[in-house]
Structure formats: C-alpha cells, structure tokens
Amino acid sequence: MFEVAEPIQMISIKPHLLKVLTQILANQISQKATKAALKLLIGVCPWGRNRIKAVEAGVVSVLIDTLLDCTDQKRVPEMVLTLLDHLCQCADGRAELLKHGAGLAVVSKKIFRVSQVVSSRAVRILHAVAKFSGNTSVVHEMLQLGVVGKLCFVLQVECGSKTSEKASEILKMHARAWKNSSCILYELEMVVIGWFSAKARHLWPVFTVVSGGDDTWNKCDGSEICGRWWCVNGSPQRQRLY
C-alpha cells in the first residue's frame, strides 16, 4: 500500500482511518490483526500531521495497554515501541504517555527484556520525554520508577553507541536533580564528573547503596547484577531492575 502511495496521500490520511486502526489494536482481535494495524500506523506516523491525528485517536494509551497485556515475545513489542517513538516526537504524544499511569514504567521495563531494538526505542522515548517534557514531577517519577538505574545499566552493557549516548545525555540533563539522592547508583556520579569512558565501562566495579547515607557504598559481585538497593521513604529496599 505505502510503497505506491504518493507523499501527499500519506500526509493527508483521514482521522477516521486512524481511529479504526486504533480500535483494532484496542479490541485485540488477533496477533495478525494487531501486527497489520501496527504496520500501517508505523507507515503513516513519520509525518507530523499524522502523529497528531493518531494521538487524538487515542492510540498512545492503547499502545501502552498493548505492552502491558502483550504475550508476543518480540515482534509486537518492537513494533509498539517503534510507533511510540514516532508519537513521542510530538508534544501531544509525550503528554499522553505521561498521562497514562503506567506509561514511563512500562517503557523503561522493556529495556534489556526483549531485544536491542526495543531497548534502543525505549531509550529514545525516555530521551524525548526527559529533554522536552522533563519537569520536576516527571524527573522525580523517573527516579522513583527506577528509570535512572536502568539508564545507568545501559552505559555498562553493549546497547549500541547511539543508545548509550542517549542514556548519557538523559543522565547529564537532570544530574542536578538526581545526584544528591541516596537512591542513585554510583555510576551516575561517574557520568556527571566525566570519569566514565568506553574502556572503564568494562572494568569499573558495580556499586550499590546499602543504607540511607550518601557515603555508604558496597561493591557487589556479578551475581548481584540484576538487583539493587533503593531507598524508599528513607529505608533501603530491594528492587529488581530487570
């Protein structure tokens, strides 16, 4: 369909079509129908006008719900995050993502869990939110949800240079808001003061906060890589990051 469509036809997609595609996703008729609807939406949403029309059709909240309920191990999450990435390049799309109670949480949760494509798209979405919609409440929510910790891990593993750059930019953007929190990982300090390098990424020991104090750090071994201690209401709590 899109291979033979003229650009003017792509730009002038009628809102009704986007509403129909959104409804197909919401109804979860079948995996085949879901993938077909996602493919069509991905094809039209690189155009700015279509992004706004899609957001107005309510597709952002439907995509988040799809991620929450998805049983597909790879393809559907990749398509959903790709589409969300397109939509979050506009202000209305980011607003709808933040409006949904599980928006930031489900996007960050997918990092490391599905594929490198999903991790890359998720970091791009978080970068757009942090850069253009990163007010005080959003920045605080990112810390509380463990998004900051996930971004620190992105710097430690092989996620691609562009993804690592995006993660580093997010951490630097809001370093002032995050650096004094006892919940923050030690790696963030390395990023902020410029000690983090590609070589050190493979050699630097992993640290974790084990008490409410800012100066108390314990080194953990490789078996602890999936978990960290976080402070919740002043008390250290165990939480899995992925």
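A brief structural summary. Predicted model only: the values in this text are computed from it and were never measured. (Residues numbered from 1 in each chain as written. Predicted model: local features only at pLDDT ≥ 70, side-chain atom pairs only at ≥ 80, totals over all residues. Heavy atoms only, no water.)

## Re the pattern of salt bridges
This structure, assessed with the given rule, holds 3 salt bridges. The closest approach of N and O atoms between arginine 75 and glutamate 78, which form a salt bridge, is 3.8 Å. With a gap of 3 residues between them, arginine 75 and glutamate 78 both fall in helix α6 (residues 75-87), about one helical turn apart. Glutamate 78 sits in the buried class, given a relative accessible area of 10%. Notably, a salt bridge pairs arginine 121 with aspartate 85, separated by 2.5 Å at the nearest N-O pair. Highlighted residues: arginine 121 in helix α9 (residues 116-132) and aspartate 85 in helix α6, separated in sequence by 36 residues. Using a relative accessible area of 24% as the deciding quantity, one classes arginine 121 as partly exposed. (Salt bridge = Lys/Arg side-chain N within 4 Å of Asp/Glu carboxyl O. Helix = DSSP H or I, 4+ residues; strand = E, 2+ residues; numbered from the N terminus. Buried < 20%, exposed > 50% of the residue type's maximum accessible area, 1.4 Å probe, protein only.)

## Some points on the side chain of arginine 94
Relative to the elements of secondary structure, arginine 94 occurs in helix α7 (residues 91-99). Buried and unpaired, arginine 94 has aspartate 92 as its nearest opposite-charge partner, separated by 8.2 Å. Reaching out from arginine 94, the side chain makes a polar contact with the side chain of serine 133 at a distance of 3.0 Å. Setting aside residues no more than four positions away along its own chain, arginine 94 makes contact with Leu87, Cys88, Gln89, Ala128, Val129, Phe132 and Ser133. (Lys, Arg positive; Asp, Glu negative; His and termini not counted. Polar contact = N/O pair within 3.5 Å; in protein donor to acceptor, adjacent residues only side chain to side chain. Contact = heavy atoms within 4.5 Å.)

## Comments concerning the state of the cysteines
Across all of its chains, the model carries 0 disulfides by this definition. Of the cysteine sulfurs around cysteine 88, a residue in no disulfide, the closest is that of cysteine 90, at 7.7 Å. Cysteine 88 sits in the buried class, given a relative accessible area of 0%. (Disulfide = S-S within 2.5 Å.)

## Here we look at the environment of glutamate 96
Relative to the elements of secondary structure, glutamate 96 occurs in helix α7. Between the alpha carbons of glutamate 96 and valine 59 there is a distance of 9.2 Å; along the sequence they are 37 residues apart. Once residues within four sequence positions are removed from consideration, glutamate 96 is found in contact with Val55 and Val60.

## Brief notes about the packing of helix α2 (residues 15-27) against helix α5 (residues 59-69)
As a packed pair, α2 and α5 sit with axes 9 Å apart at the nearest point and diverge in direction by 25°. By the angle class used here, α2 and α5 are roughly parallel. The interaxial crossing formed by α2 with α5 has left-handed handedness. Each of Thr22, Leu25 and Ala26 in α2 lies in contact with α5, whose residues at this interface are Val59, Val62, Leu63 and Thr66. (Axes fitted to C-alpha atoms, helices over the stretch in contact; angles between N-to-C directions. Parallel < 35°, antiparallel > 145°, perpendicular 65-115°, else oblique. Left-handed = near helix turned anticlockwise from the far one by under 90°.)

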